[in-house]
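So you can see what is in the structure, the chains are spelled out below.
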Amino acid sequence: MKKRTSTILRPTLLSLSLCLFLNACGGGGGSSPPVAITPNPNPGTGTTTPTPETPSANLPAVDISAISKQDPGSTLSADWSKGVFMEIYVRGYKDSNGDGIGDLRGVIQSLDYLKDLGITGIWLMPVTKSEDKDHGYAVKDYRDIESDYGNLADLDELLKQAHARGIGVILDYVMNHSANTHPMFVNSADTTTNTYRSWYVWKDTAPTGWNIFGANPWYNTKNGAYFAAFYSGMPDFNLSNQTVVDFHQNNLRFWLNRGVDGFRFDAVGNLIENNAGAWESQPESVSLMGKVQQNIMQYDKRFIVCEAPGNPLLYAASNSCGNAFAFKHNYDIVNAAKGQSSAIQAVANYFPNAPLSIATMVSNHDEFAGARLWDQVGGDLSQYRLAAATYLLQPGTPFIYYGEEIGLAGAANLSGDAKLRTPMSWTASTSNAGFTTGTPFRALSGNVASQNVASQAGNPDSLLNFYKSLISLRKQRPSLSQGNYQNPSTSSNVMSFERQLGSERSIVVINYNNSSSSTIIRGLPANATLTPLFPAGTSITADNNGIATINLGARGIFVADIK
């Protein structure tokens, strides 16, 4: 997502702070609009000075050509999307040409690392041409690749190489808004009679009473006021206009026809706003995503996931996205790892009330979702492992934010979203982190010298190999990747639950205490044998009433097969 920032009309410290806690936000930054913005001393009144409407010369051409379905098929396994995903910020992942900026060829060079880790899906943050040339959510061309990252041929090669390794690739898609430099918005803003005027949300006079993420989303120009929920540089599409929806459906087919395996949809809670009091997760937005899902699922083995922090269960449970990120659950997971009893209880109780397919995480590229996990737990490795084990072993589709698997910290001298989007630490080099042979585009992680791939790869006790072990266990045990969720229990900060698929039955017990604990497990088969899967150990036998006692060390994790 994008931060609600604007340097054009109003101060934004308050709006940004509120954005981080209220709802979906994200990227950040932007450029001046291509149209004249009239500063409004009384935001919301819509006061402007009328001027004659004379069409501009040489308006940019617009490509709205139709794209028909041409499914190239899929070589991926039927259950590839049931595995673990890696969220990759391409600019910050791996630079292949020494210009200091990560690129698609860098991702290709990293595919063997990802496969070895056990990743079966990659979410690429926006790679289309953007005005911001950073977070990528200010899209200015929906059918081409940001030149810093490469070109369409590079994406095609990435898809080919990823598929050869059994890894699917989904793209970040921004349907809610475009950049204010997108040819359609430039046309839309030119005159009130321009063909593309109805493609964006315009009013002759700015409505009053609006407040989204702590700010007024209406921006005045000489030709009326336009709506931009996140900031002035990213105006909202009018998704009540079917021709606009058709445009996006065609764009999706453009990428699907190339072999892309699906999409992560940005800001779906903001797609259609009805009025100042009804703008978040409106029924029309849910319905629209249902139609988008139908389009995508005409293709073989495709996957979608939606960002809807305000109401993720609405989109995950409905025939809309089929999956959505479990916002709020991520905060509970981290607080549980810190030993907070109420959070442990909330984590245990989450899945009886949420779809088992919901996308889980502990952080992502947006500050409102939380700092880097390393920073959230203050570098406490035992708490770090507890948080990771919790979401990797519970139901859901886990999304690891790049670098999480090595304990990547935020940049010590940066703030906001930029702090979370530092170059990946491949080596301990404090000059380039093995990310580039040139000068990194941004400051490195604050702990690059200690937390990096090179120093952890050969250490069986490292965080990297901890992640690798849990992901491998999850892949080997269908009950852990696709099974149900039953018998959740908490007692004295120890949580247990079972996962079952067919005849395979697994039990997970996690001790969130900073001391050894003993817990009683009930509801097991009479005289059942619990054979440890992680870590290795001695089998435990239940009594004839199906009761077993399990002893765990401080912040210990126990996974066993039940027979």
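Residues numbered from 1 in each chain as written. Predicted model: local features only at pLDDT ≥ 70, side-chain atom pairs only at ≥ 80, totals over all residues. Heavy atoms only, no water.

- An unreviewed UniProt entry lists the protein under the name Alpha-amylase, from Undibacterium nitidum.
- In its Sequence similarities (unreviewed entry) section, the UniProt record describing the protein reads: "Belongs to the glycosyl hydrolase 13 family." (UniProt positions renumbered as here; feature names shortened; annotations may be inferred.)

## Overview of unusual backbone geometry
1) Next: The linkage connecting Phe534 with the following residue, Pro535, adopts the cis geometry, with an omega of -15 degrees.
2) Next: Inspection of the secondary structure puts Pro535 in the loop between strand E17 (529–534) and strand E18 (540–541).
3) Next: Of note, Asn58 is a non-glycine position whose phi angle comes to about 60 degrees, a positive value.
4) Next: Secondary-structure assignment places Asn58 in the loop between helix H1 (13–22) and strand E1 (84–88). (Helix = DSSP H or I, 4+ residues; strand = E, 2+ residues; numbered from the N terminus.)

## What to know about the packing of helix H9 (residues 329–337) against helix H10 (residues 341–350)
1) Next: Between H9 and H10, the least distance of the axes is 8 Å, while the angle of their chain directions is 130 degrees. Taken together, the axes of H9 and H10 lie oblique to each other. Crossing geometry of H9 relative to H10 is assigned as left-handed. Residue-level contacts link His329, Asp332, Ile333, Asn335 and Ala336 of H9 to Ala343, Ile344, Ala346, Val347 and Tyr350 of H10.
2) Next: The class makeup of the residues in the contact of H9 with H10 is seven nonpolar, two polar and one charged. (Axes fitted to C-alpha atoms, helices over the stretch in contact; angles between N-to-C directions. Parallel < 35°, antiparallel > 145°, perpendicular 65-115°, else oblique. Left-handed = near helix turned anticlockwise from the far one by under 90°. Contact = heavy atoms within 4.5 Å. Nonpolar A, V, L, I, M, F, W, Y, C, P; charged D, E, K, R; others polar.)

## Things to note about the packing of aromatic side chains
1) Next: Tallied over the full model, the rule gives 42 aromatic pairs.
2) Next: Measuring from ring centre to ring centre gives 5.4 Å for Tyr142 and Tyr173, while their planes differ by 45 degrees; the resulting arrangement is tilted. One end of the pair, Tyr142, is in strand E4 (residues 139–145); the other, Tyr173, is in strand E5 (residues 168–173), and 31 residues separate them in sequence.
3) Next: The class for Tyr173 is buried, based on a relative accessible area of 3%. (Phe/Tyr/Trp six-rings, centres within 6.5 Å; stacked < 30°, edge-to-face > 60°. Buried < 20%, exposed > 50% of the residue type's maximum accessible area, 1.4 Å probe, protein only.)

## Notes on the nonpolar core
Soluble globular proteins tend to bury their nonpolar side chains together.
1) Next: Counting residues in hydrophobic clusters, the biggest one holds 159 residues, and the most contacted among them are Leu114, Leu124, Leu155, Phe263, Phe265, Met289 and Tyr467.
2) Next: Considering every element that reaches this core, the biggest residue donor is helix H12 (residues 381–393), with eight residues.
3) Next: Beyond its immediate sequence surroundings of up to four residues, Tyr467 is in contact with Leu117, Leu373, Tyr384, Ala388, Leu392, Ile400, Glu404 and Glu405. (Core = buried A, V, L, I, M, F, W, Y, C linked by side-chain atoms within 4.5 Å.)

## Description of the sheet that holds E5
1) Next: Taken together, seven strands build an open sheet; the order of strands is E10-E9-E5-E2-E1-E12-E11 and the sheet is parallel. On the outer flanks of this sheet lie strand E10 (303–306) and strand E11 (359–360), each paired with one strand and no other.
2) Next: As judged from the five bridges shared by E1 and strand E2 (residues 119–124), these two strands associate in the parallel manner. Looking at E2, one finds that Val84 is bridged to Ile119. (Pairing = 2+ DSSP bridges.)

## Considerations on the sheet that holds strand E7 (residues 218–221)
1) Next: With antiparallel pairing, three strands are arranged side by side in an open sheet as E6-E8-E7. Since the sheet does not close on itself, it has two edges, and those belong to strand E6 (202–203) and E7, each with one partner.
2) Next: Note: E6 against strand E8 (residues 224–227), two bridges, orientation antiparallel. The residue bridging Trp202 from the neighbouring strand is Tyr226, located in E8.

## A look at the state of the cysteines
1) Next: Overall, the coordinates contain one disulfide when judged by the stated rule.
2) Next: A sulfur-sulfur separation of 1.9 Å characterises the disulfide bridge that pairs Cys306 with Cys321. Looking along the S-S bond of the Cys306-Cys321 disulfide, the torsion reads about -85 degrees, which is the left-handed sense. Here the residue Cys306 occupies a position in strand E10, and Cys321 occupies one in the loop between helix H8 (312–317) and H9, the gap between them amounting to 15 residues.
3) Next: On the accessibility criterion, Cys306 (0% relative accessible area) is buried. (Disulfide = S-S within 2.5 Å.)

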